[in-house]
Amino acid sequence: MDQDYNQYNSGNSYNEPEEQMMPQGHSRKRGASTGTSDIPEAPSRARQKKKGNVLTRRIIIFAILEILTIFGILGYAYVSKQYSKIQRIKVDEKEIQNVNLSQEEVEYIEKGYWNIAVFGVDSRDSSVGKGANSDVIIIVSINRDTGEIKLISVYRDTYMKTGGDSYNKINYAYCAGGPERALKALNEDLDLNIKQYVTFNWKAVATAINILGGVDIELSKAEFAYINGFITETVKGTGIGSTQLQHAGMNHLDGVQAVAYARLRKMDNDYA
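Residues numbered from 1 in each chain as written. Predicted model: local features only at pLDDT ≥ 70, side-chain atom pairs only at ≥ 80, totals over all residues. Heavy atoms only, no water.

*Asks:* What is the right way to look at helix α6 (residues 202-212) in this model?
*Replies:* An α-helix turns once every 3.6 residues. As a result, residues three or four positions apart point the same way. Among all positions of α6, only W202, A206 and I209 are buried. Within α6, the buried residues cover an arc of 65 degrees as seen down the axis, which keeps them to one side. For α6, the exposed residues set more than 90 degrees away from the buried face come down to I211 and L212. Just downstream of α6 lies G213, where phi reads positive at about 95 degrees. (Buried < 20%, exposed > 50% of the residue type's maximum accessible area, 1.4 Å probe, protein only. Helix = DSSP H or I, 4+ residues; strand = E, 2+ residues; numbered from the N terminus. Arc of directions from axis to C-beta.)

*Asks:* Please explain the nonpolar core as it appears in this structure.
*Replies:* Soluble globular proteins tend to pack their nonpolar side chains together in the buried interior. Counting 20 residues, the largest nonpolar core has A117, F119, I170 and L183 as the members making the most contacts within it. Elements supplying a minimum of two residues to this core: β1 (113-121), β2 (134-143) and α5 (171-190). Among the elements that make up this core, the one with the highest residue count is α5 (six residues). In contact with L183, other than residues within four places in its own chain, are V91, I96, A117, F119, I194, K195, Q196 and Y197. Membership of the second largest hydrophobic core comes to 15 residues, among which are I227, I231, I240 and L245. (Core = buried A, V, L, I, M, F, W, Y, C linked by side-chain atoms within 4.5 Å. Contact = heavy atoms within 4.5 Å.)

*Asks:* Looking at this model, I keep getting lost on the sheet that holds strand β3 (residues 149-153). Mind explaining?
*Replies:* Within a sheet, each strand pairs with its neighbour through backbone hydrogen bonds, oriented either parallel or antiparallel. What the four strands build is an open sheet, ordered β3-β2-β1-β6; its pairing is mixed. The two strands at the open ends of the sheet, each matched to only one other strand, are β3 and β6 (196-200). Sheet twist, expressed as the mean angle between neighbouring strand axes with direction ignored, is 25 degrees. Of the pairings in the sheet, the one linking β1 to β6 comprises five bridges and is parallel in character. Pairing of F119 across the sheet is with T199, part of β6. Sitting on the sheet, helix α4 (residues 103-112) touches β1 and β2, and the angle it makes with β1 is about 80 degrees. In this fold α5 packs onto β1, β2 and β6, with an angle of close to 155 degrees to the strand it touches most, β1. (Pairing = 2+ DSSP bridges. Axes fitted to C-alpha atoms, helices over the stretch in contact; angles between N-to-C directions.)

*Asks:* How do you make sense of the confidence of the model for the protein when you look at a structure like this?
*Replies:* Should the pLDDT be low somewhere, the predicted coordinates at that spot are not to be read in detail. On average, the protein scores 83 in pLDDT, and the residues at 70 or more come to 83%. The low-confidence segment residues 5-21 (pLDDT under 50) makes six contacts with residues lying over four places distant or belonging to another chain. Taken together, the stretch residues 25-34 has pLDDT below 50 and engages in eight contacts with residues farther than four places along the chain or on a different chain. (pLDDT = per-residue confidence, 0-100.)

*Asks:* I keep staring at the pattern of salt bridges and nothing clicks. Help me out?
*Replies:* Oppositely charged side chains can pair when the atoms bearing their charge come close. Overall, the coordinates contain eight salt bridges when judged by the stated rule. Here R124 makes a salt bridge to D122, at a shortest N to O gap of 3.7 Å. R124 sits in the partly exposed class, given a relative accessible area of 44%. Residue classification places D122 among the buried positions, given a relative accessible area of 15%. Across the pair R124 and E233 runs a salt bridge whose closest N-O atoms are separated by 3.2 Å. Of this pair, R124 sits in the loop between β1 and β2 while E233 is found in helix α7 (residues 221-238), placing the two residues 109 residues apart along the sequence. (Salt bridge = Lys/Arg side-chain N within 4 Å of Asp/Glu carboxyl O.)

Here it is in structure tokens:
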């Protein structure tokens, strides 16, 4: 064994490769002993592919976020524009309060239910104030405990007290005094204490139906005989374009045509 050791140190016949004498786990840079330049180890294809996938995902995520941001801005602008079109008529709560109800009755009503009056007016100039009859009168009653919603319709020709001691068709109350007088009449006649309301006109209905894509309605021959005249008047009243219908039977109606259909009554009566 001493002989072998001496042979190695003297540079004789025992010449073990240099790589075998390096510590385990250590590698010498190529060219270090020969004076050549260092050559960095090239990244593997898997590592390059992984980096490419990460970059692609980031680009896609940023693109989606940018698209969502643009849609959000456009959506907000559209909603703001539509919201600004709402006409607001304030009512004096003292004027519409039902003085015939006791405080206990008022608290009982308001604790159990949230009532809102909905008026549909026949204004030809798209206004929602007084001067137009409320041909649609609906009380929206929301059960505060269960969330159940009920819609109660009040026929427009119902003979009721419309202000003071005067009686008339209930739709006249809105025409004479706007939402304030209409609310007061409903509260006094029906033992309610409604404070909030919503009013819509022909244009609002036509616009809503157009947004929904129209409605399919089957027209009788009697209805078809009248509907085109109402379509013409509704176009003038709303400023929304439409077309004349060509036949009775099943028709796909746009917003204006649907409003015209809802106004038909000359061939029978309001109830029919």
